[in-house]
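Overview (structure and organization)
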Amino acid sequence: MEEEGGLPAKQPWRVLEFYSGIGGMRYSVMKAGLQTEMVEAFDINDLANDVYEHNFGHRPFQGNIQTLTAADLDRYCANVWLLSPPCQPYTRQGLQKQSADARASSFLRILEIIPQLMLPPVMLFVENVVGFETSDTHQKMVQILEESQFEMQEFILSPLQFGVPYSRPRYFCLAKRKPSSFCNPEFNRQLLHVPELLVGCNESISISENGQLTSTSDKMLQTCLPIERFLEFGNSMNQVENGTSFPPDTCSDESSLKQYFVPSNLIERWGSAMDIVYPDSKRCCCFTKSYYRYVKGTGSLLTTVMPKTRDKTSLEELCLRYFTPREVSNLHSFPKEFEFPEHVTLRQRYALLGNSLSTAVVAPLLHYLFSEP
Ligand SMILES: C[S@@+](CC[C@H](N)C(=O)[O-])C[C@H]1O[C@@H](n2cnc3c(N)ncnc32)[C@H](O)[C@@H]1O
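1. Brief notes about the nonpolar core
Phe125 and Leu365 are the most contacted members of the largest nonpolar core, which has 86 residues in total. The biggest single contributor to this core is helix 12 (residues 359–370), with eight residues. Two domains each provide a minimum of three residues to this core, namely domain 1 (3–222 + 357–370) and domain 2 (233–323). Setting aside chain neighbours within four positions, we find Phe125 in contact with Leu82, Leu83, Leu174, Leu366 and Leu369.

So, in structure tokens, the structure goes:
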């Protein structure tokens, strides 16, 4: 049997999951239906590791990725690396120190190790925020991957392009080490903003004059499901259209719904800066790790009363509430089996989810990465 990356090709791919958090990458691998063995996960955060262990029955290696050596990594005999390193060095809200930010060091270090490996990965997948693609860390990554004989294809995609009413554009790098290659090598070294390549409609791809793929994304936006399909509380439109709020007695646990209503002092102070959505909306904003701690720019708030006229109703009357962690994980397209251990507080749940990713986007990207021409 032919060998690839030191392993017989028929064996499942051996995967390392760096910066594993609560396991968004692992859920994406599962969703993509890939033949893999998850060999090890790595994360420094105790609480994230509790959640990962609770759901997957395996506790990630708890330590700083920066301390891993080439010998450590060779020992895993892994041929696929999945990485979602910290995004703070590249976010618009941050100082944008990029590689000079201490939080970028572990990713740079792991990249620098690649040329020293006896068994370098055959495939590599990186997720980060939009802004990473213009950073010096990105430049360094491209340089190392090219020198190590990788072909790359890059994407910026959002769940909205996959039928999920959730705006969370993210940067993705897919890399394959020669002689392994992509199904559509004509897109090597390109940054693509449309998902046609991934959803099996290659025949409809065409290239415009400026070299960009022409998109059917607008059509996909129209096919997004309404937000109500992702709600755990009050997902009946009738109830809302009758002008009634979701009364606590429609919930299995009255007190649990109460904690999600937005206090009126916050509405008075921040109302004009809030992103407000309705159960029938087909878009909501990215939930960040500060959701529930701050209201401005951290994620959408949901109306629980359907007003007669949407533009003339005061915000108070809309009885705004936060999306619950279950609802945020639904919008991340996590499986319904996903849950938090009881000791994780509400704020911690939002923080961990805010750091995670959309499996609706990552699963088709991984499927494409693993496909052979
Ligand atoms: C952007 S989040 C990735 C979240 C993950 N993809 C998920 O689905 O939850 C980055 C993760 O990297 C971890 N991390 C940051 N720096 C690290 C380091 N030097 N060593 C190990 N883990 C680190 C953080 O604890 C955090 O969980």
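Next, the rest of the story.
2. Some words on the sheet that holds strand 12 (residues 321–322)
Backbone hydrogen bonds are what pair the strands of a sheet, in a parallel or an antiparallel way. Strand order in the open sheet formed by three strands is 10-11-12, and the pairing between neighbours is mixed. Sheet topology places strand 10 (276–277) and strand 12 at the edges, where each strand pairs with a single neighbour. For strand 10 and strand 11 (residues 301–302), the ladder comprises two bridges, and the chain directions are parallel. Following the sheet pairing, Ile276 is matched in strand 11 by Leu301.

3. So, helix 12
Over its twelve residues, helix 12 extends 16 Å from the first C-alpha to the last, a length consistent with the 16 Å expected when each residue adds 1.5 Å. Judged by how many residues are buried, helix 12 sits mostly within the fold: ten of twelve residues are covered. All of the buried residues in helix 12 are Thr359, Ala360, Val361, Val362, Ala363, Pro364, Leu365, Leu366, Tyr368 and Leu369. Looking at the buried side of helix 12, the elements it contacts are helix 1 (24–32), strand 6 (123–129), strand 7 (150–157) and strand 8 (170–177).

4. Quick look at the site of the ligand
Around the ligand, a shell composed of 21 residues is seen, among which Tyr19, Gly21, Gly24, Asn45 and Ser106 lie nearest. Along the lines of polarity and charge, the residues of the shell around the ligand split into ten nonpolar, ten polar and one charged.

5. Remarks on the confidence of the model for the protein
Here the protein averages 87 in pLDDT, while 85% of its residues score no lower than 70. Here residues 235–254 is modelled with pLDDT under 50, and outside its nearest four sequence neighbours on either side it reaches 27 contacts, counting other chains as well.

6. Quick look at the environment of Ser290
By the element assignment, Ser290 lies in the loop between strand 10 and strand 11. Each C-alpha atom, one on Ser290 and one on Arg347, is 8.1 Å from the other, the two residues being 57 residues apart in sequence.

7. What to know about the pairing of strand 6
Most of strand 6 is tucked away: seven of the seven residues are buried. Pairing of strand 5 (residues 80–83) with strand 6, which is carried by four bridges, proceeds in the parallel orientation. Its bridge partner being in strand 6, Leu82 is matched across the sheet by Phe125. Where the polypeptide runs from strand 5 across helix 4 (residues 105–113) and back to strand 6, its parallel neighbour, the crossover connection is right-handed. With seven bridges connecting them, strand 6 and strand 8 associate as antiparallel partners. Bridge pairing in strand 8 links Leu124 to Ala175.

Calculation notes
- Every chain is numbered independently, its residues counted from 1 as its sequence is written.
- Given that the model is predicted, a residue must reach a pLDDT of at least 70 before its local features are reported, and side-chain atom pairs must reach 80 or more before they are shown or counted; all residues, however, enter totals for whole chains, interfaces and linings.
- Note on definitions: a nonpolar core is a set of buried residues drawn from Ala, Val, Leu, Ile, Met, Phe, Trp, Tyr and Cys, linked by C-beta atoms within 7 Å.
- Burial in this document is a count-based property: other C-beta atoms within 10 Å of a residue's C-beta are tallied, and the residue is buried at 20 or more, exposed at 12 or fewer, or partly exposed in between, with C-beta positions derived from the backbone.
- A helix here means a DSSP run of H or I that spans at least four residues, while a strand means a run of E at least two residues long, and both kinds are numbered starting from the N terminus.
- All the domain ranges listed were derived from an automatic or database domain assignment.
- Residue pairs are scored as contacts if the distance between their C-beta atoms, which are placed from the backbone, is within 7 Å.
- Pairing between strands is defined by DSSP: at least two bridges between them are needed.
- Here the expected span of a helix is defined as 1.5 Å times the quantity of residues minus one.
- Nearness here has a simple definition: the residue's C-beta atom, placed using the backbone, must lie within 6 Å of the molecule or strand.
- Nonpolar residues are Ala, Val, Leu, Ile, Met, Phe, Trp, Tyr, Cys and Pro. Charged residues are Asp, Glu, Lys and Arg, and all others, Gly as well, are polar.
- Each residue carries a pLDDT score, the predictor's confidence in it, ranging from 0 to 100.
- By convention a crossover is right-handed if, when the strands point away from the viewer, the path from the first strand over the helix to the second runs clockwise.

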